[in-house]
Amino acid sequence: MDYTALANLLFPDITKTIADYEAQYPPRDLPGGAVVTRIAPSPTGFVHLGNLYNAIGERLAHQSGGVFYLRIEDTDQKREVEGAVEAVIDAMTFYGVRFDEGVTKDGETGAYGPYRQRQRRELYQTVAKSLVLRGLAYPCFCTEDDLNAMHAAQEAAKENYGYYGKYAVWRDRTVEEIQAELQKGTEWVLRFHSEGDPEHMIPVLDGIRGELKVQENYTDFVLLKSDGIPTYHFAHVCDDHFMRTTHVIRDESWLATLPIHVQLFDTLGWRRPVYCHTATLMKMDGSSKRKLSKRKDPELALSYYREAGYPQEATWLYLLTVLNSNFEEWHLANPDADSREFRFSLEKMSTSGSLFDLEKLDNIAKEYLSRQTADFVYDGLLDWAKEYDAGLAARMAQRPDFFKAAIGVGRGGEKPRKDYGCWRDAAAFLSFYDAETFTFTDACPERADGAQRAEILTRYLDTLRFADTQEEWFAKVKQITEELGYAAQPKKYKKNPELYKGSIVDVTNLLRVALTGRQNAPDIWEISHVLGEEETRRRLTAYMA
Ligand code: GLU
């Protein structure tokens, strides 16, 4: 077979060689041990949690003096959605992920581009041509129907699926046969000519999983599709080689095709990157574990967390807790340290289905927010509200001190309140402070209702002195409670319910509902001081009717 003739027949316009690209993209001049890594999302418009998860590579790169870049895998034009690249960049920027090079909103930066795969056609074709010249790639003119028939035959014979052995019908054709097809204008794909033996196991070092043994690839997989655009496999190998990537951090679903990638690196004589296959995100569905699904689980979309308003750092705290087995311990020892100070290590990453649990995220976020200052919470809530709740943003901007005081209730001290973990919940929780958004969620406690309701409220209003300290105030509440025939201690009431109308819990819950619309709310005295005397009296009086 005259490979030169075949190569020129298939790629008449390709005049460059691999050596030209080696010269154009020289090894990076970086300190020893520097990690060069990337995320390489497809511009489908769906930015998922996994993109942020794999962006952990940014920490590795920046903690080692390396480079983190953004590559866009736009080889599937049909799935491309307008604005998708901006969406990825926005999402990453929002979470503080900084790219050193790659695609930007208005173009790209860096010396290893282009960083959009469709613009790298010539490079892929140059590498493809070099493989044809070596007898390691050939065109295949099989139609969709031919491949389906092959699949059916393999199924019937209980043989492995794929294009190999006797099924690789275009593997050993002559240049003349190929030329005849080309002249007819038949569509073709370029396949790799695999010499692999399925009995061979190849060692591959995985940065997270340690040494893996993978079966050598024996199928003639596709390098270039019929439009001349590479498959993921081929593009990944060419790009990560010429962009001088040292670590490929990607989901474990790529383990299945790792043999192909390793084979390509080895065949081309290129140094393999350190593969780091991250554990797929799973969730509990009833009593069984399953993969998070785009269709069923809104929490797979990264936008979910931004819309709900989980603070960025809380989201990172959660993600790191799930990702790295030693993070939680570090965080407990350094509760106020920024998570970026944590030295991230690949070896400590989970290797099997990371269990994603929104309740745990919520708890981590509540804990995190409970330790922040009222000013911080006010600013975070306002930023969120500007995007998702314009009414709240306007009201906050009008009365910043009032909102800060409301946010400050139960904050500080040994046991700060943990009422909300995200801004949406904070908005709902704080809504009772503002008369404009006040609503009743709970009914009046039964034992304080009826004729008692007005009686208790009247007595309370009569004795209310706004200058009282919290202790003085509480002493008065107790006094009224007893005078009106309620037990000042819930215990006493429990023991002899026939002696009382109810207990102090009924009285204070009545006050809570009158002031906040809820039975479960922060301290009444503190709330009243945020509302001010006039509004406090107004709500209590209104609730008498
Ligand atoms: N587009 C691929 C993905 O999002 C990239 C995998 C990789 O990082 O190589 O899964």
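Scope of this entry: the structure provided in the associated data block. As the structure is a computational prediction, the values presented were derived from the model and not from experiment.

### Overview of helix H5 (residues 84-94)
Taken residue by residue, H5 has Ala-84, Val-85, Val-88, Ile-89, Ala-91 and Met-92 as its buried positions. One face of H5 carries all of its buried residues, which in axial projection span an arc of 165°. The inward-facing, buried residues of H5 abut strand S1 (36-39), helix H3 (49-54), strand S2 (67-70), strand S3 (101-104) and helix H11 (302-308). Taken from the residues just after H5, Gly-96 is the one with a positive phi, measuring 75°.

### Some thoughts on the pattern of salt bridges
The full count for this structure, using the stated rule, is 39 salt bridges. Notably, a salt bridge pairs Lys-213 with Glu-211, separated by 3.5 Å at the nearest N-O pair. Overall, the relative accessible area of 53% leaves Lys-213 in the exposed class. Given a relative accessible area of 54%, Glu-211 falls into the exposed group. A salt bridge links Arg-272 to Asp-266; its shortest N-O distance comes to 2.9 Å. Classification of Arg-272 by relative accessible area gives partly exposed; the value is 27%. A single network of salt bridges, built from pairs that share partners, joins Arg-38, Arg-71, Glu-73, Arg-120, Asp-239 and Asp-240.

### Observations regarding the side chain of Gln-372
Within the secondary structure, Gln-372 sits in the loop between helix H14 (358-370) and helix H15 (374-388). Note on Gln-372: relative accessible area 16%, which makes it buried.

### A closer look at the site of the ligand
The local shell around the ligand consists of Arg-38, Ala-40, Ser-42, Glu-73, Tyr-232, Ile-249, Arg-250 and Trp-254. In the environment of the ligand, a nitrogen atom lies 2.7 Å from a nitrogen or oxygen atom belonging to the side chain of Glu-73. Notes on the ligand: free accessible area 290 Å², of which the protein chains cover 81%.

### Considering the sheet that holds strand S13 (residues 288-291)
Strand order in the open sheet formed by 3 strands is S13-S12-S14, with mixed pairing between adjacent strands. Of all strands in the sheet, those bounded by a partner on one side alone are S13 and strand S14 (354-355). Taken together, the 4 bridges between strand S12 (residues 281-285) and S13 define a ladder with antiparallel strand orientation. Note that in S13 the partner of Met-284 across the bridge is Lys-289.

### A short note on the environment of Lys-491
Topologically, Lys-491 is positioned in helix H21 (residues 490-495). As for Lys-491 and Ser-503, which are separated by 12 residues in sequence, their C-alpha atoms are 8.6 Å apart.

### Comments concerning the pairing of strand S8 (residues 210-215)
Every regular strand shows the same layout, with side chains that alternate between the two sheet faces. The pairing of strand S7 (residues 201-206) with S8 spans 6 bridges and is classified as antiparallel. By the bridge assignment, Pro-203 is partnered in S8 with Lys-213. Between S7 and S8, which pair antiparallel and follow one another directly, the connecting turn spans 3 residues.

Definitions and cut-offs
Residues numbered from 1 in each chain as written. Predicted model: local features only at pLDDT ≥ 70, side-chain atom pairs only at ≥ 80, totals over all residues. Heavy atoms only, no water. Buried < 20%, exposed > 50% of the residue type's maximum accessible area, 1.4 Å probe, protein only. Helix = DSSP H or I, 4+ residues; strand = E, 2+ residues; numbered from the N terminus. Arc of directions from axis to C-beta. Contact = heavy atoms within 4.5 Å. Salt bridge = Lys/Arg side-chain N within 4 Å of Asp/Glu carboxyl O. Near = heavy atom within 4 Å. Polar contact = N/O pair within 3.5 Å; in protein donor to acceptor, adjacent residues only side chain to side chain. Areas by Shrake-Rupley, 256 points an atom, 1.4 Å probe, with all protein chains shown as cover. Pairing = 2+ DSSP bridges.

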